[in-house]
Amino acid sequence: MPTAPNLYSFDNPTDLVKNLRAFIIDAQNSSLERHDVFRVAVSGGSLPKTMGEALLMKGTSKEDTPQFAKWEIFYADERAVPLDHEDSNHRLVKEEFLDKIPEDMDKPTVFPIDTKYLDDVQEMADQYEKTLVKSFAARDSVRIPMFDLILLGCGPDGHTCSLFPGSPLLRETEAWVLPIFDSPKPPPKRITLSLPVASHGIKIGYLATGAGKKEILQKIFDTEEGRGLPCGLVNEFAGERVSWFTDSAATEGVSFPSRSTL
Ligand SMILES: O=C1O[C@H](COP(=O)(O)O)[C@@H](O)[C@H](O)[C@H]1O
């Protein structure tokens, strides 16, 4: 029976960024100790900017510094658009984070979608799953890949990755990566990690800030209905492995207990 997720609520953006950084570096250090690689799945939306700010802060020691040469970055979801398109999650991650890594630091290995398959999202999802199989199954012979860290966002309707409320995709138990042909939020064609994979990280971090997230956080943390939304399901399956990084504007009115230190 998984225990409850951690809900962190910070009074100012600096504290949030510092704590998010500590959370990511801690996940990195234990992964490198365990298997000398750090496999991370990242989302688009509001996450890449804050993730960039957190990771590009100067470290105070080797233990407090990202070892990007050992990082493998995958996408928790991606839109079926060219990599430089304004809707591309990869473009966001590149502009907000990858392009800003100082010259004297190593660069992570990044796995964007193969844009050869923009017109065939089923094939795009299958090919992306093969990319994951190469990195995970070959080394660990696993049934469901376990990322060292999954960084997620929460839409105002409770969607996470590109798993939307009420979607039949939420019932998937076998596939690792799924195609979406008719996303309720544009663009319609996307690929996404399936729910079993998205909730199977050693650590899972959510970023949800601002008054625009207030209603949905209240629903997810305080109501039965919210526990059935995609973000609520990740909370339920992963329990204490999930940590939410939020601010006071987003948690105003949430009864579920929050903390302001890791
Ligand atoms: O469509 C998407 O939205 C979610 C949530 O975005 P946010 O801006 O509300 O944080 C995001 O996590 C996902 O990657 C993206 O494709």
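Residues numbered from 1 in each chain as written. Predicted model: local features only at pLDDT ≥ 70, side-chain atom pairs only at ≥ 80, totals over all residues. Heavy atoms only, no water.

Naming follows an unreviewed UniProt entry, where the protein chain appears as 6-phosphogluconolactonase of Tothia fuscella. Taken verbatim from the UniProt record of the protein chain, the Pathway (unreviewed entry) comment is "Carbohydrate degradation; pentose phosphate pathway; D-ribulose 5-phosphate from D-glucose 6-phosphate (oxidative stage): step 2/3." The UniProt entry for the protein chain carries the following text under Sequence similarities (unreviewed entry): "Belongs to the glucosamine/galactosamine-6-phosphate isomerase family. 6-phosphogluconolactonase subfamily." (UniProt positions renumbered as here; feature names shortened; annotations may be inferred.)

Positionally, Leu132 belongs in helix H4 (residues 121–135). Overall, Leu132 belongs to the buried group, its relative accessible area being 0%. A C-alpha to C-alpha distance of 8.4 Å links Leu132 and Trp176, two positions 44 residues apart in sequence. (Helix = DSSP H or I, 4+ residues; strand = E, 2+ residues; numbered from the N terminus. Buried < 20%, exposed > 50% of the residue type's maximum accessible area, 1.4 Å probe, protein only.)

As a further point, take the layout of surface pockets. Estimated volume of the second largest pocket: approximately 230 Å³. In terms of lining residues, the second largest pocket is bounded by 18 residues, among which Gly44, Gly45, Gly153, His159 and Lys185 are the most central. A class-by-class count of the residues in the lining of the second largest pocket yields three nonpolar, 10 polar and five charged. (1 Å grid on protein atoms, 1.4 Å probe; cavity = no way out; pocket = protein on both sides within 12 Å on 5 of 7 lines; lining within 4 Å. Points joined across faces, edges and corners; volume = space filled by probe spheres on them. Nonpolar A, V, L, I, M, F, W, Y, C, P; charged D, E, K, R; others polar.)

Let's shift gears to the nonpolar core. Core analysis: the largest hydrophobic core is formed by 73 residues, its most contacted members being Ile24, Val42, Phe97, Phe147, Leu193, Tyr206 and Trp244. Among residues more than four places away in sequence, those in contact with Trp244 are Pro5, Asn6, Leu7, Tyr8, Cys154, Tyr206, Ala208, Leu217, Ile220, Phe221, Cys231 and Asn235. (Core = buried A, V, L, I, M, F, W, Y, C linked by side-chain atoms within 4.5 Å. Contact = heavy atoms within 4.5 Å.)

Before going further, it helps to examine the confidence of the model for the protein chain. Summing up the model confidence of the protein chain, the mean pLDDT is 96 and the portion of residues at 70 or higher is 97%. Here the predicted complex carries an ipTM of 0.98, next to a pTM of 0.97. (pLDDT = per-residue confidence, 0-100.)

Moving on to the sheet that holds strand E4 (residues 77–79). Strand order in this open sheet of three strands is E4-E8-E7, and the pairing throughout is antiparallel. Two strands lie at the open edges of the sheet, namely E4 and strand E7 (177–180), each paired on one side alone. Between one strand and the next, the sheet's axes are offset by a mean angle of 15 degrees, whatever the strand orientation. Of the strand pairs in this sheet, E7 and strand E8 (residues 190–193) are connected by four bridges, and their pairing is antiparallel. Each bridged residue has a counterpart across the sheet, and for Pro179 the counterpart in E8 is Ile191. Contacting E7 and E8, H4 runs over the sheet at an angle of about 160 degrees to E7. (Pairing = 2+ DSSP bridges. Axes fitted to C-alpha atoms, helices over the stretch in contact; angles between N-to-C directions.)

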